[in-house]
Amino acid sequence: MTTSSDPSADLDTAQGTKRVLLAAPRGYCAGVDRAVVSVERALELYGPPVYVRKEIVHNKHVVTTLEKRGAIFVEETDEVPEGATVVFSAHGVAPVVHDEAKALSLKTIDATCPLVTKVHREAVRFADDDFDILLIGHEGHEEVVGTSGEAPDNITLVESPDDVVNVEVRDPDKVVWLSQTTLSVDETMETVRRLREKFPALQNPPSDDICYATQNRQLAVKEMAQDCDLMLVVGSRNSSNSVRLVEVAIEHGSRDGHLVDYADEIDESWLEGVRTVGVTSGASVPELLVRGVLEYLAERGFGDVTPVVSAEESLLFSLPKELRKDLKAAGMDDKMKHDAGSLEDAGQLH
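Residues numbered from 1 in each chain as written. Predicted model: local features only at pLDDT ≥ 70, side-chain atom pairs only at ≥ 80, totals over all residues. Heavy atoms only, no water.

J.: I keep staring at the side chain of Lys54 and nothing clicks. Help me out?
T.: Following the sequence through the fold, Lys54 ends up in the loop between strand 2 (50-53) and helix 2 (60-69). Excluding residues within four positions of it along the chain, Lys54 makes contact with Phe73, Val74, Glu75, Glu76, Ser89 and Glu142. (Helix = DSSP H or I, 4+ residues; strand = E, 2+ residues; numbered from the N terminus. Contact = heavy atoms within 4.5 Å.)

Okay, here's the thing in structure tokens:
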């Protein structure tokens, strides 16, 4: 496999040569990394089992790996035994979930992504000021459920640009939009445009709600798509940001696009007549899964790999405060310390 750090390296001179364009950045964002490490460190500190409400992140491989180590994933708080330790997922929870945990005397570790927490705080603030809040997102997604729970009487869900026609508010001069952090940037902005046509006084959130990682991964795909016959996105089907990457690829010129959890899900027929394959991964995907796809492609003649770099990422979040406190009390390192080996060891679980 050959690589190049030059994203503009003659993308048109390789006619007849099979090649891969590899998106950068891709894979784990800071919020996902923090959430996964939180479960790993909780298992290390408290010992198994550690309960996790919902999937810690939307990735089949990560969940299976953590289960192997002793994490128990549950759908609802009342499935956790009284007095046990529970980790809340990166997607966030509504205030009622904290109340449920308190009633069961659960030890809670809140691994909500800080960027999701920011949206929760915005919802509380605007609700306190009696604004109507138009939340752009997907019904039933855990992040939307959690944010809506902060101000249920003030929030109206808007799923797509076509939903705008049915939106009603109490006072068109007191309305603001917020969004799920993992949406398509382009579709969200189109929804906002239509909302503003209907409600000219519509306020923007204090800062961008769609997370930096979602935007960066979509930007990389946009830059690659027109040069790709096929875009392979590594990610799970319940991962909103991964699904969006396939959509963005096709919208911006890729002839074909597919979402796969593992390399062995690739259908060889997808490669027929293909010269350029784009490869990227969603924000909850460990890099070893991308390596598996690259190895699969290399075995089929796609050994020339060119990174396409659209942004640099260096953001790192600290562990949840309750976990840091207990690690310190136990005389253990309270820094982020990802146990990459645990994911490597589970590479053949599927």
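J.: Help me understand the nonpolar core, please; the structure alone is not making it clear to me.
T.: It is characteristic of soluble globular proteins that their nonpolar side chains tend to be buried jointly. Judged by nonpolar contacts, the single largest core of 29 residues is most densely connected at Val39, Ile56, Val57 and Val87. Elements represented by at least two residues in this core include exactly helix 1 (30-46), strand 2, helix 2, strand 3 (71-74) and helix 10 (321-329). The dominant element in this core, judged by the number of residues it contributes, is helix 1, at eight residues. Core analysis: the second largest hydrophobic core is formed by 24 residues, Leu232, Val274, Leu297 and Val305 among them. (Core = buried A, V, L, I, M, F, W, Y, C linked by side-chain atoms within 4.5 Å. Buried < 20%, exposed > 50% of the residue type's maximum accessible area, 1.4 Å probe, protein only.)

J.: What is the right way to read the side chain of Ser239 from this model?
T.: On the secondary structure map, Ser239 appears in the loop between strand 9 (230-234) and helix 8 (240-251). Within the structure, the side chain of Ser239 is placed 3.3 Å from the side chain of Asn241, a separation counted as a polar contact. In terms of polar contacts, Ser239 uses its side chain to reach the side chain of Ser242, at 2.8 Å. If sequence neighbours within four positions are ignored, Ser239 has contacts with His58 and Ser284. (Polar contact = N/O pair within 3.5 Å; in protein donor to acceptor, adjacent residues only side chain to side chain.)

J.: For this particular structure, what's the right way to read the sheet that holds strand 5 (residues 107-110)?
T.: Within a sheet, adjacent strands bond to each other through the backbone by hydrogen bonds, running parallel or antiparallel. The strand order across the open sheet formed by four strands is 3-2-4-5, and the pairing between neighbours is parallel. Of all strands in the sheet, those with a lone pairing partner are strand 3 and strand 5, marking the two edges. Taking each pair of neighbouring strands and ignoring which way they run, the sheet shows an average axis angle of 30°. Looking at chain direction, strand 2 and strand 4 (residues 85-88) are connected through three bridges and run parallel. Counted as the bridge partner of Arg53 is Phe88 from strand 4. (Pairing = 2+ DSSP bridges. Axes fitted to C-alpha atoms, helices over the stretch in contact; angles between N-to-C directions.)

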